[in-house]
Amino acid sequence: MDNIEKTIAVINRMTDDGVIENYALGGATAVIFYTEPIATQDLDIFVHIRAGANPLMEFQPIFDYLKERGCEIKGEHIYIEGYPVQFLPTAKKLIAEAVDEANEFELSDKIIVRVMSPEYLVAIMLDTGRLKDYLRIGVFLQHDTVNLEELQRILNEHDLARKWQDNINKFQI
Amino acid sequence: MKKEASINIEELNERIKSKKDAFRQHQRDLPFGEKMQIAFSLAERDKTIRRAVLLPKKKRISK
């Protein structure tokens, strides 16, 4: 088993053990999954925390669980099987929906990984709106991985259609 | 002569583009773990470049 698969296996076990409700890979990590490698310093894991968890300490159960299993915390990252992982909340409706609707893929060794869909990733990048997000949208469009009808539905639902139109020239390579 | 040269340049550009596309496709088809290794290396490279370009050079202390 590759190290990244071991990392994903630990995260899947956290779901089985009830530490997190659900998760999905997002950010650059998810972009890499669908396209070619781009620079990233960590794995971005968006997680639904258990209902009723204290919002001020929402990640504490995750850190406790992983520390008990020998994972080391350095700065904003926790190292799982050698990979720096950053856990991120699903505070916005768009992100929560992206986690719920994530695609599931089977890596080798029957490890299932949940990855945000290209359409949700593009919508989130548009919403975030940094230069690097726009460049990544360009990469996605170039690879023809985005279902434009589904993207339009998401943009309309989350009031992002206007922002898309206003910035469309920045995505075209 | 000029026309011949421009045709050669066009051919060359086409070949470079096709090589680039093939390379990108190859990278896209790599297993996820390998892609992530490359992604971390790219981040390291960017960090090194940023440090080299942005950080002021240390003043030499003469003894």
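Note that the structure is a prediction, hence the values are computed from the model and not measured. (Residues numbered from 1 in each chain as written. Chains lettered and ligands numbered in written order. Predicted model: local features only at pLDDT ≥ 70, side-chain atom pairs only at ≥ 80, totals over all residues. Heavy atoms only, no water.)

Chemist: Would you mind going over the overall build of chain B in detail, with residue names and values included?
Modeler: Scanning chain B from terminus to terminus reveals 2 helices and 0 strands. Taking all 63 residues of chain B together, the buried fraction comes to 14%. Total accessible area on chain B stands at roughly 6000 Å², and carbon and sulfur atoms take up 58% of it. (Helix = DSSP H or I, 4+ residues; strand = E, 2+ residues; numbered from the N terminus. Buried < 20%, exposed > 50% of the residue type's maximum accessible area, 1.4 Å probe, protein only. Areas by Shrake-Rupley, 256 points an atom, 1.4 Å probe, with all protein chains shown as cover.)

Chemist: So what's going on with the packing of aromatic side chains? Which residues, and what values?
Modeler: Inspection of the entire model under this criterion finds 9 aromatic pairs over all chains. Pairing A:Tyr34 with A:Phe140 gives two aromatic rings, centres 6.2 Å apart and planes at 50 degrees, and the pair type is tilted. Separated by 106 residues along the polypeptide, A:Tyr34 in helix H2 (residues 27-34) and A:Phe140 in helix H6 (residues 131-143) bring together distant segments of the chain. Taken individually, A:Tyr34 and A:Phe140 each receive the classification buried, so the pair is uniform in this respect. Ring centres of A:Phe59 and A:Phe63 lie 6.5 Å apart, and the angle between their planes is 35 degrees; on these two criteria the pair is classed as tilted. According to the relative accessible area criterion, A:Phe59 is buried, its value standing at 16%. Of the residues examined, A:Phe63 reaches a relative accessible area of 25% and is grouped as partly exposed. An aromatic cluster of at least three residues, connected via ring pairs, comprises A:Phe33, A:Tyr34, A:Phe105, A:Phe140 and B:Phe32. Over the ring of A:Tyr65 we find A:Arg69; its NZ or CZ atom is 3.6 Å from the centre of that ring. Across from the ring centre of A:Tyr79, 5.1 Å away, lies the NZ or CZ of A:Lys74, which sits over that ring. (Phe/Tyr/Trp six-rings, centres within 6.5 Å; stacked < 30°, edge-to-face > 60°. Lys NZ or Arg CZ within 6 Å of the ring centre and 35° of its normal.)

Chemist: Account for the packing of helix H5 (residues 118-128) of chain A against helix H7 (residues 148-157) of chain A, naming residues and giving values.
Modeler: All names here are of chain A. Contact geometry of H5 with H7 gives a least axis separation of 9 Å together with a crossing angle of 40 degrees. With respect to each other, H5 and H7 are oriented oblique. The two elements H5 and H7 meet at a crossing, and its hand is right-handed. Note on element contacts: H7 touches H5 through Glu150, Leu151, Arg153, Ile154 and Leu155, opposite Glu119, Tyr120, Val122, Ala123 and Leu126. Broken down by class, the residue content of the contact of H5 with H7 amounts to 7 nonpolar, no polar and 3 charged. (Axes fitted to C-alpha atoms, helices over the stretch in contact; angles between N-to-C directions. Parallel < 35°, antiparallel > 145°, perpendicular 65-115°, else oblique. Left-handed = near helix turned anticlockwise from the far one by under 90°. Contact = heavy atoms within 4.5 Å. Nonpolar A, V, L, I, M, F, W, Y, C, P; charged D, E, K, R; others polar.)

Chemist: I'd like to hear about helix H4 (residues 93-100) of chain A, residue by residue, with values.
Modeler: Residue and element names in this part refer to chain A. With respect to burial, H4 is a largely interior element, 6 of its 8 residues being buried. The complete set of buried residues in H4 reads Leu94, Ile95, Ala96, Glu97, Ala98 and Val99. Those residues of H4 that are buried are in contact with strand E1 (20-26), strand E2 (43-49), strand E5 (83-89), strand E7 (112-115), H5 and H7.

Chemist: Residues and numbers for the interface of chain B and chain A, please.
Modeler: Where the parts come together, the accessible area they lose is often given as the size of the interface. Taken residue by residue, the interface counts 17 residues in chain B and 22 residues in chain A. Both sides of the chain B and chain A interface together cover about 1700 Å² of buried area, and 63% of this is carbon and sulfur. The interface formed by chain B and chain A includes 1 salt bridge. Our count for the contact surface shared by chain B and chain A stands at 8 residue pairs in polar contact (both at pLDDT 80 or more). Listed by contribution, the elements that provide at least two residues to the side of chain B that touches chain A are helix H1 (2-28) and helix H2 (32-54) of chain B. Per element, the largest residue contribution to the side of chain B that touches chain A is 14 residues, and it comes from H2(B). Broken down by class, the residue content of the side of chain B that touches chain A amounts to 7 nonpolar, 3 polar and 7 charged. (Buried area = accessible area lost by both parts, 1.4 Å probe. Salt bridge = Lys/Arg side-chain N within 4 Å of Asp/Glu carboxyl O. Polar contact = N/O pair within 3.5 Å; in protein donor to acceptor, adjacent residues only side chain to side chain.)

Chemist: Requested: an account of the nonpolar core, with residues and values cited.
Modeler: All names here are of chain A. Among the nonpolar cores identified, the biggest contains 64 residues, and Leu43, Ile62, Leu66 and Phe87 are the most heavily contacted of them. No other element matches H5, which puts 7 residues into this core. Apart from the residues within four sequence positions on either side, Ile62 is in contact with Met14, Val19, Ile20, Val47, Ile49 and Phe87. (Core = buried A, V, L, I, M, F, W, Y, C linked by side-chain atoms within 4.5 Å.)

Chemist: How would you sum up unusual backbone geometry? Please name residues and give values.
Modeler: Residues other than glycine seldom take positive phi values, yet A:Glu81 does so here, at roughly 50 degrees. In this fold, A:Glu81 is placed in the loop between strand E4 (77-80) and E5.

Chemist: Explain a nonpolar patch on the surface to me, and be specific about the residues and the numbers.
Modeler: A contiguous nonpolar surface patch, about 320 Å² in accessible area, is contributed by B:Ile49, B:Val53 and B:Leu54. Here B:Leu54 lies in helix H2. (Patch = residues over 30% accessible without salt bridge, like charges linked within 9 Å, V, L, I, M, F, W, Y side chains within 5 Å.)

Honestly, it's all geometry; don't read function into it.
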